[in-house]
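Here are the chains, one letter per residue:
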Amino acid sequence: HQASHAAVGAVMDLLGDDPRPADLGDEEMAAAVRLVEERIAAAGPPGDDRPGPRTTLGGGLRTETRLQGFGAGDSALLVSGPTTTRALPAATRWFLAGARGGHVPRLQLAHGAVDLEPAAWVVAVTDGWTDYLPDGLSAEAAVARAVGAGGGAGRAVGALLDQARRGGAGDNVGVSVSGPW
């Protein structure tokens, strides 16, 4: 909980609530991750030898025709269009922060940009969602079903949250949906 709030706060402080279009450079993306790491580390109690707060993180900046995304851990960023649904690459399972001392990402942050099809949906989900998909159901299939059912972003969010609850999820589920522009 602490780590997630620290991570979101760091990104909001860096990019604001109305960031420029999806064109951050690699150094800017790395700076965002470093700031997130520092904020997460600061969120833990000082002088404690136990592992500190940690989180996975995924996100993106969207325009009508482009999505720039990043991911760390098993939070996911997915794009669903009329012809295909795919997850953007993310680093393997790892956490931002978590260990005392030098808080640096344990793996390279996965990031990149993709062109969006007309009528594309963008869906960001936390690891509390991806961890509770039923066996045999991919994140791509669940997202394609939720956004393809019609009814707008609110209905898609509800369908994705219901899917996680049916899979046994508790309180660590976050879903964000951006419909076609």
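By convention here, each chain's residues receive numbers from 1 onward along its written sequence. Residues qualify for local features only when their pLDDT is at least 70, as the model is predicted, and side-chain atom pairs are given and counted only at 80 or more; totals for whole chains, interfaces and linings, by contrast, use all residues. Side-chain calculation: all heavy atoms of the structure are included, whereas hydrogens and water are not.

### Focus on the pattern of salt bridges
Selection criterion: The salt bridge definition used is simple: a Lys or Arg side-chain nitrogen within 4 Å of an Asp or Glu carboxyl oxygen. The helix and strand labels rest on DSSP assignments: H or I over at least four residues marks a helix, E over at least two residues marks a strand, and numbering proceeds from the N terminus. Here the term buried applies to any residue with accessible area under 20% of the maximum for its type, exposed to any over 50%, and partly exposed to those in between, with areas from a 1.4 Å probe on protein chains only.
A full pass over the atoms with the stated rule returns two salt bridges. A salt bridge links arginine 39 to aspartate 13; the shortest N-O distance between them is 2.8 Å. Remark: aspartate 13 occurs in helix H1 (residues 2–15) and arginine 39 occurs in helix H2 (residues 26–43); sequence separation between them is 26 residues. What makes aspartate 13 exposed here is its relative accessible area of 56%. A salt bridge links aspartate 162 to arginine 165; its shortest N-O distance comes to 3.0 Å. With aspartate 162 and arginine 165 both in helix H5 (residues 152–166) and three residues apart, the pair spans about one turn of that helix.

### Here we look at the side chain of threonine 85
Put simply, the rule is: The definition of a polar contact used here is a pair of N or O atoms within 3.5 Å, where within protein one atom must be able to donate a hydrogen and the other to accept one, and adjacent residues in sequence count solely through side-chain atom pairs. By the convention used here, residues are in contact when the closest approach between their heavy atoms is within 4.5 Å.
The topology assignment puts threonine 85 in strand E5 (residues 85–87). Reaching out from threonine 85, the side chain makes a polar contact with the side chain of serine 80 at a distance of 2.6 Å. The contacts of threonine 85, once residues within four sequence positions are left out, are Val79, Ser80, Glu140, Val143 and Ala144.

### Notes on the sheet that holds strand E8 (residues 121–125)
The pairing of strands in a sheet comes from backbone hydrogen bonds and takes either a parallel or an antiparallel form. To keep it simple, the criterion reads: By this definition, two strands are paired if DSSP reports at least two bridges between them. Where helices are involved, their axes are fitted lines through C-alpha atoms of the stretch in contact, as for all axes, and angles between N-to-C directions lie from 0 to 180°.
Reading across from one edge, E5-E4-E8-E9 is the order of the four strands in this open sheet, with antiparallel pairing throughout. Taken across any chain shown, the strands that pair with only one partner, and hence form the sheet edges, are E5 and strand E9 (175–178). Looking at each pair of strands side by side, their axes are set apart by 15° on average, direction ignored. Bridge count between strand E4 (residues 76–80) and E8: five bridges; the pairing is antiparallel. Bridge pairing links leucine 78 to valine 123 in E8. Along the sheet, helix H4 (residues 139–148) contacts E4, E5 and E8; its crossing angle with E4, the most-contacted strand, is approximately 50°. Packed on one face of the sheet, H5 meets E8 and E9 and runs near 150° to E9.

These figures come from the coordinates and say nothing about function on their own.
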